[in-house]
Amino acid sequence: MTNMDWIRTLQSLDRRVIYLILLIAVIVPLIKPLGLPIPASQKSEQFFKVMEALPQGARILFSCDYNPSGGPELQPMNEAILRHAFTNGHKVFYLGLWDQGPALASNAVDKVIKDFPDKKYGVDYINLGYKAGGYAVAMNMAKTPIHETFPKDMRNEPIASYPIMEGVQDLKSFDIVVGLTGGNNGLLNVWLPVAQAMYGMKVAGGCTSVSAPQFYQYVQTGQVAGILEGIKGAAEYEQLLHHRKGVKNAIGKGCSSIDVQSVIHLVIMFFIVVANFFYYLELKRKEAMA
Amino acid sequence: MGIATLTTGEIVGTWIAAILTLCIFSFLYKDNHLYKFAEYLFVGSSAGYFLATTWQTNFTQYVFQPVADAFTMMAHGGMPIHSLGGRLVSVEPAGAAAILAKLLVIVPAAIGLMMVSMLTKNHGWLSRYPICFLVGYGSGTGIVFAIKTDIIPQLKGTMLPLLGVAPMVALQHLVIILCVLTGIFYFFFSMEHRGPLLGVGSRVGIFILMITFGAQFGTTIMGRIQLLVGRMDFLIYDWFFPLVLRH
């Protein structure tokens, strides 16, 4: 085959071959991790410091506003933040503005609680469940006692029966709002305007990689105290927990996924360079023929 | 996690999840009925879960419970207070005003139900009333939120000092100010984009916007890849190794 035949063959390559190459590029580093270093970025450090600065026994309102499609990026964050909170002795109040958020929070708790057997439901953490309405929920929490918005928790028990709810009046009783957001109706659209802008509360959280650029301006102005960006943020946060605080089993899915991310990005960059090179050769050939 | 630690429910659930994941992935080869089945099952179950959860946590609490409480109050002459074990402890006195306050939830519930009239042929006009409420409420809160979170704080965040700070910090501030201004110049259509200010400014603004979109696209790729990684991680470590290879 001549050189141009090779180029034409590669240009018309079935996309399923590319899918297969990507599949191999995902599977190999998953089974055989490369152990690439994960230095913490400035944003992950900032979020870590925000959590460290909370007083002992702080009340964290943890809003899980994502569904399983955001799970691969946000669930590792959820587990890491919960580990950090439990290590520092904070109280965690889960809720969700997305219907599947509280269930995913429950999954995170089930995984993390094995390393913290002394933590009890209703004493150290609680899951208030899902409530529809977006910022109407947050505004209601701010203006009325919390049991009017959440009379029962996810287990359908009255929240007043739990010791953790002692002293919790309304939204302003919490020391920080941490929101993991998979899209609209979360940190940016609800907790930032209500908790931070209207009541001056500290707001921090995590987001998917897709939404990360939207948060940069709010971090720059200080409106959002700290943000974890996608799986990279989760991996960096896990590293910080492991190295700075020695938290047990802090290294999780975040770190194991980052090796794969690096390999896949290299493969995609290779494809882009090669495809553009062949495109350039094709243009040159057409110019020569014209 | 070994197979010995899994319950029967977890094993069955993992197999179902793995099979459905592979059905979805079969689309990469070509469209087929297995993919369609998995897709429709996903859409249906998501909608069903959402309906059930919203009904239980919102409609029951905000509509059915207050109306039931109102009838209970009318029957007992007040609100019965029960202990956690269900034993009647006392009756809280409640007058007509309290009962009416509970029954008033029927009004917003009825307005909300008017939305369903959209599905009918001749009575769809009824849905305009709840839409009016939603648009009015959304605009009212949206305008306030936009001013409090987007306009004023972001304007403040762009008013950065160039003097009296370290040179690198001053350079960063200058870059931020120039990027914001040139980006805004691009969207200023009241004058033609000509001349050293608007012409050059809008050209630079285009580059700034392209860099922003490129960064956004890059993070989107990372997010999409992570969806694949998450599924492959599940298939390998939660299904294939423990349940197929029994490792």
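To be clear, the structure that these remarks concern was listed above.
This structure is a prediction, so every number in the text was calculated from the model and none was measured.

Colleague: With reference to specific residues and values, describe the overall build of chain A.
Modeller: When you go through chain A residue by residue, the secondary structure sums to eleven helices and six strands. For chain A, the spread of C-alpha atoms along the principal axes amounts to about 80 × 40 × 35 Å. Put simply, chain A has 290 residues, and 54% of those count as buried. Of the accessible surface of chain A, which amounts to about 12500 Å², a share of 58% is contributed by carbon and sulfur atoms. Computed over 27 positive and 24 negative side-chain charges, the separation of the two mean positions in chain A equals 2 Å.

Colleague: Describe the overall build of chain B, listing the residues and the values that go with them.
Modeller: On a plain count of helices and strands, chain B comes out with seven helices and two strands. The order of helices and strands in chain B, counted from the N terminus, is α-α-β-β-α-α-α-α-α. Against the compact-globule benchmark of 18 Å for 247 residues, chain B has a radius of gyration of 30 Å, which places it well outside the compact range. With the C-alpha coordinates aligned to their principal axes, the bounding extent of chain B is approximately 80 × 65 × 50 Å. Taken across its 247 residues, chain B has 25% of its residues classed as buried. For chain B, restricting intrachain contacts to residue pairs at least 6 apart in sequence, the fraction spanning at least 24 positions comes to 34%.

Colleague: Let's hear about the interface of chain A and chain B: which residues, and what values?
Modeller: How big an interface is tends to be reported as the loss of accessible area on association of its parts. Between chain A and chain B, the contact holds 48 residues from the first and 40 residues from the second. Of the roughly 4000 Å² buried where chain A meets chain B, counting both sides, 64% is carbon and sulfur surface. Of all residues in chain A, Leu30, Tyr130 and Tyr135 of chain A give up the largest surface area on contact with chain B, accounting jointly for 14% of the area buried on that side. The partner of lysine 253 of chain A in a salt bridge is aspartate 233 of chain B, with the nearest N and O atoms 2.4 Å apart.

Colleague: Which residues make up the sheet that holds strand β1 (residues 59-65) of chain A, and what values do they have?
Modeller: Residues and elements named next belong to chain A. Pairing is parallel in the open sheet, where six strands are placed in the order β3-β2-β1-β4-β5-β6. Edge strands, defined here as strands with exactly one partner in the open sheet, are β3 (125-130) and β6 (227-229). Here the strands of the sheet are splayed against their neighbours by 15° on average, with no regard to which way each runs. Pairing geometry for strand β5 (residues 203-207) and β6, over three bridges, is parallel. Looking across to β6, one finds that glycine 205 is bridged to isoleucine 227. Together, β4 (176-181), β5 and β6 form the strand contacts of helix α9 (residues 212-220), whose direction differs from that of β6 by roughly 155°.

Colleague: How would you summarise the nonpolar core if you had to cite specific residues and measurements?
Modeller: By size, the foremost hydrophobic cluster in this structure holds 86 residues, and its most contacted members are Met141, Leu171 and Trp191 of chain A. Discounting residues that sit within four places of it in the chain, methionine 141 of chain A has contacts with Leu61, Leu95, Ile146, Thr149, Phe150, Asp170, Leu171, Phe174 and Trp191 of chain A. Formed by 17 residues, the second largest nonpolar core is a distinct cluster that contains Ile264 of chain A together with Met232, Trp239 and Leu243 of chain B.

Colleague: A description of unusual backbone geometry should follow, citing residues and the corresponding values.
Modeller: Residues and elements named next belong to chain A. Even without being glycine, asparagine 156 reaches a positive phi, approximately 65°. One can find asparagine 156 in the loop between α7 (146-149) and β4. Residue class for asparagine 156 comes out partly exposed when judged on its relative accessible area of 46%. One non-glycine residue, asparagine 249, adopts positive backbone phi at about 55°. Locating asparagine 249 in the fold gives a position in the loop between α10 (230-245) and α11 (253-289).

Colleague: An account of the packing of α10 of chain A against α11 of chain A is requested, with residue identities and associated values reported.
Modeller: Residue and element names in this part refer to chain A. At a minimum axis separation of 8 Å, α10 and α11 run at an interaxial angle of 130°. On the basis of their axis angle, the class for α10 and α11 is oblique. Remark: the crossing between α10 and α11 carries left-handed chirality. Residues Ile231, Lys232, Ala235, Glu238 and Gln239 of α10 pack against Lys253, Gly254, Cys255, Ser257, Ile258 and Gln261 of α11.

Definitions and cut-offs
Residues numbered from 1 in each chain as written. Chains lettered and ligands numbered in written order. Predicted model: local features only at pLDDT ≥ 70, side-chain atom pairs only at ≥ 80, totals over all residues. Heavy atoms only, no water. Helix = DSSP H or I, 4+ residues; strand = E, 2+ residues; numbered from the N terminus. Buried < 20%, exposed > 50% of the residue type's maximum accessible area, 1.4 Å probe, protein only. Areas by Shrake-Rupley, 256 points an atom, 1.4 Å probe, with all protein chains shown as cover. Lys, Arg positive; Asp, Glu negative; His and termini not counted. Charge placed at Lys NZ, Arg CZ, Asp CG, Glu CD. Rg over C-alpha atoms; globule rule 2.2 N^0.38 Å. Contact = heavy atoms within 4.5 Å. Buried area = accessible area lost by both parts, 1.4 Å probe. Salt bridge = Lys/Arg side-chain N within 4 Å of Asp/Glu carboxyl O. Pairing = 2+ DSSP bridges. Axes fitted to C-alpha atoms, helices over the stretch in contact; angles between N-to-C directions. Core = buried A, V, L, I, M, F, W, Y, C linked by side-chain atoms within 4.5 Å. Parallel < 35°, antiparallel > 145°, perpendicular 65-115°, else oblique. Left-handed = near helix turned anticlockwise from the far one by under 90°.

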